[in-house]
Amino acid sequence: MKPFQYRKPLSLAEALEALEEENTRILAGGSDLLVEMREGKSHPERIVDVKAIPELACFSIGEDGIIIGGRVTLRQIAESALLQKRCPLLVDAARTVATPQVRNRATLVGNLCTASPAADMAPPLFVLGGVVVVASKEGEQNIPIQSFFTGPKKNCLQPGQLVLRLEIPLLSPGRGVFLKKARVRGHDLATINLAGWVNPRDGAMRVCIGACGPTPVLLAGGDELFRGASGREKLIDGLATLAQAQIAPIDDLRASAAYRRGLVAVFLRRMTRVLFPEEGGWPSA
Amino acid sequence: MLDETPHYTISVEVNGITYTEKVPAQMTLLQFLRQKLYLTGAKEGCGVGECGACTVLLDGRAVDACLVLAVEADEASVRTVEGEGRDGELTLLQRAFIEHGAVQCGFCTSGILLSAQGLLESNPHPDREEIIEAISGNLCRCTGYVQILEAIEAVARNGEELG
Amino acid sequence: MSTDQDYKYIGKGISRLDGMEKVTGSAQFVHDMSLPGMLYGKTVKSPHACARIVSIDISEAEKTPGVRAVLTGRELPYKVGIYMIDKNILADGVARYQGEPVVAVTAESELAAEEACAKVKIVWEELPAVLDPRQGLAPDAPLVHPELASYRYMKGVFLPQPGTNISHHQKIRKGDAKKALEHADLVWEAKFYNPPVQHVAMETHTCISQALPGSHVKIWTSAQSPFTVRNLFSACFGIPHQNIRVHIPYVGGGFGGKAGIHLEPLAYLLSKKAGGHPVKLTMTREEEFGTIPSRQGLHSQFTTGATREGKIVSLIAQYIWDAGAYADYGVNVGRAASYSGAGPYEVANCHIDSLVVYTNKVFGTAYRGFGHLEVLWGIERNMDIGARRLGLDPVEFRRRNVLRPGAQTITGEIISEHTGRIDLCLEKVAEEIGWSGIQTEEERVRAMAGGKVRGKGVALLHKAPAMPVFTSSAALLKFNENGSVDLLTSITDYGQGTYTALAQCAAEELKVPIERIHVPWESDTAMTPHDWQTVASRGAFMGCKAVIAAARDALQQIKETAAQVLRAPVEELVCQDEEVYVAHRPDERLSYREVVMGYSYANGNSIGGPVIGRGHYIAQGLTHLDLETGQGLPALDWTYGAHGAEIEVDLETGEITVLNLATALDVGQVLNSQSLRGQIIGGVVQGLGSALLEEFRFSPQGRLLNAGFVDYKIPTSKDLPRKMSQHTILTKQLDGPYGARGVAEHPMISVPGAIGNALYDALGIDFFELPLNAERVWLGIQQKRMASDEQSR
């Protein structure tokens, strides 16, 4: 790696000041940044280590929602007994990311900022309606997660901005499932991943599919489909049609577009059968 | 363009000894351990956090040292394989690795020992699934993993004080 | 005949000798070494599969602070090679594969060397590349080596074809295969493909070379064969052997990839230009995939004829090897796999044409199995296809054809009762997986209703070491003052556990506790005795024979001195428990310690001297193969084996779960039960990598796309079969140490075949290409579904 300057600001103000400078990158877990630098894809002159900023340390689950600060690691999410109880969807996804060693360092916020279309944490956050809270010298801004991802490995952050935390309104009472298919059972990037969330009482259903487009795809029309479906199998058929129309997978080194489309159909079916274990007893709209 | 490589003074505890050293920002913890401290137990197998050959315990947690900058380890506590065992005595895990044939070429061994040690310190009686998960970030090409799992299980079953 | 109970150490699960060093991190690999004044080397590599070097500008690179020397191919008039001297140390004039080193830099730090490399400016002219060996055989194909006619090569063994891309054409001609086909009741054809893959040893290739005054050279290298490095180095530079000293400390895996010579010459040339400082050259993982050689790909094609009763009467095989840009070991892989190229079966008429073809890709080298995994993928799948056409159970079809005592191999060797029992290996694995025959299509359809189907399959293997007829091992047993022994060998233990086996033999023969045997880990061409190479599953066989001979020599020396002191004839002396005594008067005894440094009488007279046991072993009775017919005796020993697999397939995703993988090998005699188990499991898991996961992916322009762990996947702890078992058959090899034969490569060889055959049982679909990854299986399922939908219309 090429030489650079390293700073570890102790306050948010100091950090935001440092981020004004050109050719500056943010260091949280480092598992994406250091790889980019080692591969010569990034040559920052300055690195700002955000792990000492107090505002990034929050991690709480309350009645009105979940707050995950910028410093919170994937391991903390994967091992949180409270999250396992209140929002197991996030825990399930966190457990599939990379390796135990990487999870001990990588942060949820960092994973989102890398904005890979295959990011495992993205589909759960999309279906849960996550909001990215961003700070700059001008103040704080709330960005819905769908707007945060703007393209393959592109997020909407401007120079001088720093993600403070992710907020998730706790949807009550609902259930979700996360599924991931990779090439090996060991650690791997997703060939496809997806998350489904349903709240039958409110007639809400959200599905997000990853690795099948330039950004994760939150299916439009999930709620209507759910409310209008006369049974589980009809719902599955409807989701399949919706998904095939809205995803845009490509042929790449990991899989062909055709295989991805095939997997999406399979996993939507599996997801739905987990969310609705019995065919009979279909919730009325 | 930087004219001079910036250096930073860090204070790191490694295997119980505190070292104060000047390091360039781009030096990874792995390079620091191997090149500054001559602790070559942690190996570079890929340099990008995929193989786990560089696994060390950082503040008690298994991490890939190739993905940590030395400057990030300032004020932290690091354990490498050289620190396992006291006064020449092997830990239960090290002894189990020898007894169960869990070592072949030895290049992945340091990393796996620390992943396993990290597991056993937070979970003294893991089941096979938990052991498999704990070493899932450590690649081994020689052993096919089975004798490694058996060695860790042997220690997990007894679960006494670990070294 | 001795049984295991008679041995104190042989057959036991003795813990490996180097366990302590490895679990404490004190084992030093070249990866860990640093010498005073050492410089670091880095290379600039060709971005093109085939391109002419128009110009190289190193002026900016040379000025980079910290840089001590820059080398280009033009200033290096040397060629290197194992059997064909066809490779420049740096590309000169033309680069022949993407990843080939073109410029080398040495500097005070890796960073400075990398910076300099980034400043090298090369102008290229892309040339048409050969990316598929079948196209490489076309008469108008571009030539990867237009000067093939001018290369020196090992005559009498290899047959390069100048004016083509063929570096070797191996022929086996036994009987008249074409005529026999005409009389066969059934003839069938099949084609198969193995992609190139990588060894993925955890320690990448690395070496330190130092050019010393007076044309002396010192080398420390992560390699398998110190004397081969020295010998090829000498041939390349014309430096006499005794001036070159090669050290090999601990090695982090090899699998054949470190068998020959790789980075050592380049590091030496950098050292020479940089004033004689040691230069360390280490491959990054990306370079390990893209620059360092691989296992070559193979296209195989079979035409088989059999009688109605299921006896194979004719086999015509064509092997087209995708050998990459340089011959390296690849030419020999094409040769050696041919003499096993009909599988462990009696085939009365066999024609094999094995063509090793140059292509513009990273080149092939030795890889565990030396062509046998590639060849047996096709052979074992072909057997199952044939069984099906004949209406026979695949296990029964094999029973009717396996080599039994009295049968003749395709090179004309007669199998004896001591060669090994392939039939018992087959029965064992069939039993282990509960073999009950191939499912019918109706049974499959019923099973498919559940979304998952299961299948079972078997595959056989055989291999003999692929080694020159003059292969030898030597060993020295050097006693220390306290009666302990240093065992000196130049076999490399890069994980297999050979040193422990050698120590067991020494302890067994010398009648000393095994704790008294010390094997200094480093081999050093100036200090440890000659050994050919540590490859081919011949290390334990020949090394142990050499150690046994050395032990007997040492005992003879001990007895000769003791005979004088005890005033008894040598023949009446017995050695036991570190003592030598008169057989019929056991009170008249001496400890080894009193004798091994010479013996001193009470008055001071001294006799004898330091005991140094010397032993060597050379393969007995091997012959060259006839260049036209391939007939001859190439095999030190044949190790037979079998795999049985039971798998489950997720019909919706194509994912295979291996439920059970049983392996049986006729090892003759177990030397170390723990190491053997480790070798078998490790080899099987590596075989699963080839079967299910691994392949090099190239762009249409021949650029390697998956040169890293992100997209080249090997099995992790989560990818293991649910159950694995290892079984040994013990047909003693008469000339093997304690009856043992080699077993290092064999555990991986037919894993793909067993999985592929099980996959047919599960799905009713034949797969011809590896790896059997989920997408490929899924695609096969979709195609079968569409075909049957078409049919029902």
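Residue positions within a chain follow its written sequence, with the count starting from 1. Chain letters start at A and ligand numbers start at 1, both assigned in the order the entries are written. Local features in this predicted model are restricted to residues of pLDDT 70 or higher, and side-chain atom pairs are both shown and tallied only at a pLDDT of 80 or more, whereas totals for entire chains, interfaces and linings draw on every residue.

**Considerations on the overall build of chain C**
No. 1: Helix numbers and strand numbers start at the N terminus; a helix is a DSSP run of H or I with at least 4 residues, a strand a run of E with at least 2. Counting its secondary structure elements, chain C contains 20 helices and 31 strands.
No. 2: A compact globule built from 793 residues should have a C-alpha radius of gyration of about 28 Å, and chain C, at 28 Å, falls within 12% of that.
No. 3: Seen along its three principal axes, the alpha-carbon backbone of chain C occupies a region of about 105 × 70 × 50 Å.
No. 4: Partly exposed residues are those whose C-beta has more than 12 but fewer than 20 other C-beta atoms within 10 Å; 20 or more makes a residue buried and 12 or fewer makes it exposed, with C-beta atoms placed from the backbone. A total of 793 residues make up chain C; the buried ones form 61% of that total. Two things to know: the radius of gyration comes from C-alpha atoms, and the globule rule equals 2.2 Å times the number of residues to the power 0.38.

**Some remarks on the overall build of chain B**
No. 1: Helix and strand content of chain B: five helices and five strands.
No. 2: When the helices and strands of chain B are placed in sequence order, the string is β-β-α-β-β-β-α-α-α-α.
No. 3: The C-alpha radius of gyration computed for chain B amounts to 16 Å, which stays within 12% of the reference 15 Å derived for 163 residues, consistent with globular compactness.
No. 4: Seen through its C-alpha atoms, chain B measures out along the principal axes to roughly 55 × 30 × 25 Å.
No. 5: Residues classed as buried in chain B amount to 63% of the 163 residues present.
No. 6: Throughout, a pair of residues is in contact if the C-beta atoms placed from their backbones lie within 7 Å. Relative to all contacts within chain B whose residues are 6 or more apart in sequence, the contacts with residues 24 or more apart total 60%.

**Topic: the pairing of strand β7 (residues 139-144) of chain A**
All names here are of chain A.
No. 1: In terms of burial, β7 is largely open, as just zero of its six residues are buried.
No. 2: Paired strands are those between which DSSP finds at least two bridges. In the sheet, strand β6 (residues 131-136) pairs with β7 via six bridges, with the strands oriented antiparallel. Paired with V132 across the strands is I143, a residue of β7.
No. 3: Linking β6 back to β7 in an antiparallel pair, the connection comprises two residues.

**Notes on the packing of helix α10 (residues 372-390) of chain C against helix α19 (residues 751-763) of chain C**
Residue and element names in this part refer to chain C.
No. 1: Helix axes are fitted to C-alpha atoms over the stretch in contact, other axes to C-alpha atoms as well, and angles between N-to-C directions run from 0 to 180 degrees. Close contact between α10 and α19 brings their axes to 8 Å; oriented N to C, the two are set at 30°. Accordingly, the angle class assigned to the pair α10 and α19 is roughly parallel. For α10 against α19, the interelement crossing comes out right-handed. Packed against α10, whose contacting residues are L373, L376, W377, E380, R381 and D384, the element α19 presents P752, G753, G756, N757 and Y760 at the interface.
No. 2: Each residue gets one label: Ala, Val, Leu, Ile, Met, Phe, Trp, Tyr, Cys and Pro are nonpolar, Asp, Glu, Lys and Arg are charged, and the others, such as Gly, are polar. Grouping the amino acids of the contact of α10 with α19 by side-chain chemistry returns five nonpolar, three polar and three charged. Throughout, the term roughly parallel applies to angles under 35 degrees, roughly antiparallel to angles over 145, roughly perpendicular to angles from 65 to 115, and oblique to all others. Whether a crossing is left-handed or right-handed is set by the direction in which the near helix is turned from the far one by less than a right angle, anticlockwise for left-handed and clockwise for right-handed.

**What about the environment of S110(B)?**
No. 1: Mapped onto the elements of the fold, S110(B) is located in helix α3 (residues 109-122).
No. 2: Here S110(B) falls in the buried class, since 29 other C-beta atoms lie within 10 Å of it.
No. 3: Linking S110(B) and L93(B), residues 17 residues apart in sequence, is a C-alpha distance of 11 Å.
No. 4: Those residues in contact with S110(B) that lie beyond four places of it in its chain are G41(B), A42(B), K43(B), V81(B) and G25(C).

**Things to note about the interface of chain A and chain B**
No. 1: Taken together, the contacts link 22 residues of chain A with 26 residues of chain B.
No. 2: Put simply, the parts of the chain that give the side of chain A that touches chain B at least two residues each are β1 (5-7), α2 (33-38), β3 (46-49) and α6 (100-103) of chain A.

**Here we look at unusual backbone geometry**
No. 1: The linkage connecting L770(C) with the following residue, P771(C), adopts the cis geometry, with an omega of -10°.
No. 2: Counting through the fold element by element, P771(C) comes out in the loop between α19 and α20 (774-792).
No. 3: For N15(B), which is not glycine, the phi dihedral falls at a positive 50°.
No. 4: With respect to the element layout, N15(B) can be found in the loop between β1 (7-14) and β2 (17-24).
No. 5: Given 18 C-beta atoms within 10 Å, N15(B) falls into the partly exposed group.

**Some points on the domain arrangement of chain B**
Residues and elements named next belong to chain B.
No. 1: Residue ranges assigned to the domains are those given by an automatic or database domain assignment. According to the domain assignment, chain B contains domain 1 (7-83) and domain 2 (92-158).
No. 2: With 16 residues of domain 1 at the interface, the matching set in domain 2 holds 13 residues.
No. 3: Elements that contribute at least two residues to the side of domain 1 that touches domain 2 include exactly β3 (55-58) and β4 (61-64).

**Brief notes about helix α17 (residues 673-693) of chain C**
No. 1: Working rule for helices: expected span equals 1.5 Å times residues minus one. For α17(C), spanning 21 residues, the distance from its first C-alpha to its last is 29 Å, which sits close to the expected 30 Å at 1.5 Å a residue.
No. 2: Of all the 21 residues making up α17(C), 20 are buried; the element is thus mostly covered by neighbouring parts of the structure.

**Focus: the domain arrangement of chain C**
All names here are of chain C.
No. 1: Segmentation of chain C into domains returns domain 1 (4-26 + 471-618), domain 2 (33-127 + 205-282) and domain 3 (297-409 + 419-467 + 623-792).
No. 2: In this assembly, 24 residues from domain 1 lie in contact with 27 residues from domain 3.
No. 3: Per-element accounting of the side of domain 1 that touches domain 3 gives the leading share, five residues, to helix α15 (residues 539-566).
No. 4: Of the residues that constitute the side of domain 1 that touches domain 3, the class distribution is 11 nonpolar, nine polar and four charged.

**Observations regarding the environment of Q146(A)**
Residue and element names in this part refer to chain A.
No. 1: Among the secondary structure elements, Q146 is positioned in helix α9 (residues 145-148).
No. 2: For Q146, a count of 17 C-beta atoms within 10 Å corresponds to the partly exposed category.
No. 3: Put simply, Q146 and V131 are 15 residues apart on the chain and 8.7 Å apart in space, counted from C-alpha to C-alpha.

**Comments concerning the environment of V71(B)**
No. 1: Turning to its location among the elements, V71(B) is positioned in the loop between β4 and β5 (77-79).
No. 2: By the C-beta count within 10 Å, which is 26 here, V71(B) ends up buried.
No. 3: Residues in contact with V71(B), not counting those within four places in the same chain, are Y6(A), Y8(B), I10(B), V23(B) and A25(B).

**Some thoughts on the interface of chain C and chain B**
No. 1: Of the residues lining the interface, 41 residues belong to chain C; the matching set on chain B comes to 40 residues.
No. 2: Within the residue set of the side of chain C that touches chain B, elements represented by two or more residues are α1 (19-23) and α17 of chain C.
No. 3: Among the residues making up the side of chain C that touches chain B, the classes are represented as 18 nonpolar, 16 polar and seven charged.

**Looking at the pairing of strand β23 (residues 573-576) of chain C**
Residue and element names in this part refer to chain C.
No. 1: Burial of β23 is one-sided: the residues L573 and C575 facing one way are buried, the residues V574 and Q576 facing the other way are not.
No. 2: Where β23 lies against strand β24 (residues 579-582), four bridges are found, and the strand directions are antiparallel. If you follow Q576 over to β24, its bridge partner there is E579.
No. 3: Linkage of β23 to β24, two consecutive antiparallel strands, is achieved through a turn of two residues, within which D577 is found at a positive phi near 50°.

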